[in-house]
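Below, each chain spelled out in residue letters.
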Amino acid sequence: MKPGQTQRTPWIVGVSGASGTPYAAAVVRALLEAGEGVDLIVSRASRLTLLDETGISFRDAHWDEDLREWLSRGADGKPDTFDIQVQDVRHWSPVDLAAGPSSGSYPSKGMLIVPASTACVAGVALGLSKDLLQRAASVTLKEGRKLVVTVRETPLNGQTLRHLVTLDDAGATVLPASPAFYAGATHIQDLVDFVAGRVLDAAGVEHTLYRRWEGELGGGSRPT
Ligand SMILES: Cc1cc2nc3c(=O)[nH]c(=O)nc-3n(C[C@H](O)[C@H](O)[C@H](O)COP(=O)(O)O)c2cc1C
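Residues numbered from 1 in each chain as written. Predicted model: local features only at pLDDT ≥ 70, side-chain atom pairs only at ≥ 80, totals over all residues. Heavy atoms only, no water.

Engineer: So what's going on with helix α7 (residues 188-203)? Which residues, and what values?
Structural biologist: Its 16 residues place the ends of α7 23 Å apart at the C-alpha level, agreeing with the 22 Å of an ideal helix rising 1.5 Å per residue. For α7, every residue scored as buried is listed here: Gln189, Val192, Asp193, Phe194, Val195, Ala196, Gly197, Val199, Leu200 and Ala203. Along its buried surface, α7 packs onto β1 (11-15), α1 (21-33), β4 (110-116) and β5 (146-151). Looking one or two places after α7, you find Gly204, whose phi comes out positive at around 75°. (Helix = DSSP H or I, 4+ residues; strand = E, 2+ residues; numbered from the N terminus. Expected span 1.5 Å × (residues − 1). Buried < 20%, exposed > 50% of the residue type's maximum accessible area, 1.4 Å probe, protein only. Contact = heavy atoms within 4.5 Å.)

Put into structure tokens, the structure is as follows:
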């Protein structure tokens, strides 16, 4: 870094192969809207879920084009729902173990894994570092930075539950992709934004993704 330059300190967003690619899109959009830098790692398996859930093939060589298309989609699949710029996104291939986020000396505010597969949960709990996403998560923990693990699976077996306890013990925030209905959801996007908003709450990033509870019963009921 040259004198006078300010250091870019992004959030690392890891997208693993659980269902829920709209959660990842909502988190990345909200981080960018909040003026945060994003370092993005899209696992090999998550490209299958992305293809299945959106029809988008995510290609390392065309990541900016593919990301723009992904982020512009609503949770209902409608294209061009969101107007989004991806300038402050840096993309890393999941097989690039020499990438910045594989080292603790690479600056980051922390890492948000959204969604997190049970395979990813296991890999991070055991410190496997089988790809860049898992390595970056291990680095985040060892550096004492914020790690949010948005696990998506149901039901959960004992093995995954034990791995989640290990992650909690290691200082991670375990945040199940579990939408709530008290915030007055009327569309799929509202349910997605609730989970994404809770991820940003855990990271301490300001957002307006969902309506917060204000102590009044009945606020979540739909107008008749
Ligand atoms: C369409 C589809 C949906 C999937 N949904 C889930 C899921 O919700 N949760 C999960 O733990 N795994 C799910 N998987 C399985 C993971 O993709 C698989 O375990 C993979 O090895 C995860 O690898 P990763 O953690 O490196 O991304 C799904 C796979 C496919 C193809």
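Engineer: Tell me what's going on with the pairing of strand β2 (residues 38-42), and back it up with residues and numbers.
Structural biologist: The two faces of the sheet receive side chains in turn, since in a regular strand these alternate between them. Most of β2 sits out of view: five of its five residues are buried. Every second residue of β2 is oriented toward a common face, with Val38, Leu40 and Val42 on one face and Asp39 and Ile41 on the other, all of them buried. By the bridge criterion, five bridges tie β1 to β2 in an arrangement that is parallel. Pairing of Ile12 across the sheet is with Asp39, part of β2. With α1 bridging β1 and the parallel β2, this β-α-β connection has right-handed handedness. (Pairing = 2+ DSSP bridges. Right-handed = clockwise from strand over helix to strand, strands pointing away.)

Engineer: For the packing of helix α4 (residues 118-126) against helix α6 (residues 158-169), give the residues involved together with the corresponding values.
Structural biologist: At a minimum axis separation of 9 Å, α4 and α6 run at an interaxial angle of 50°. As far as their axial angle goes, α6 and α4 are oblique. Here α4 runs over α6; the crossing is left-handed. In contact with Thr118, Val121, Ala122, Val124, Ala125 and Leu126 of α4, α6 contributes Thr160, His163, Leu164, Thr166 and Leu167. Class assignment of the residues belonging to the contact of α4 with α6 gives a composition of seven nonpolar, four polar and no charged. (Axes fitted to C-alpha atoms, helices over the stretch in contact; angles between N-to-C directions. Parallel < 35°, antiparallel > 145°, perpendicular 65-115°, else oblique. Left-handed = near helix turned anticlockwise from the far one by under 90°. Nonpolar A, V, L, I, M, F, W, Y, C, P; charged D, E, K, R; others polar.)

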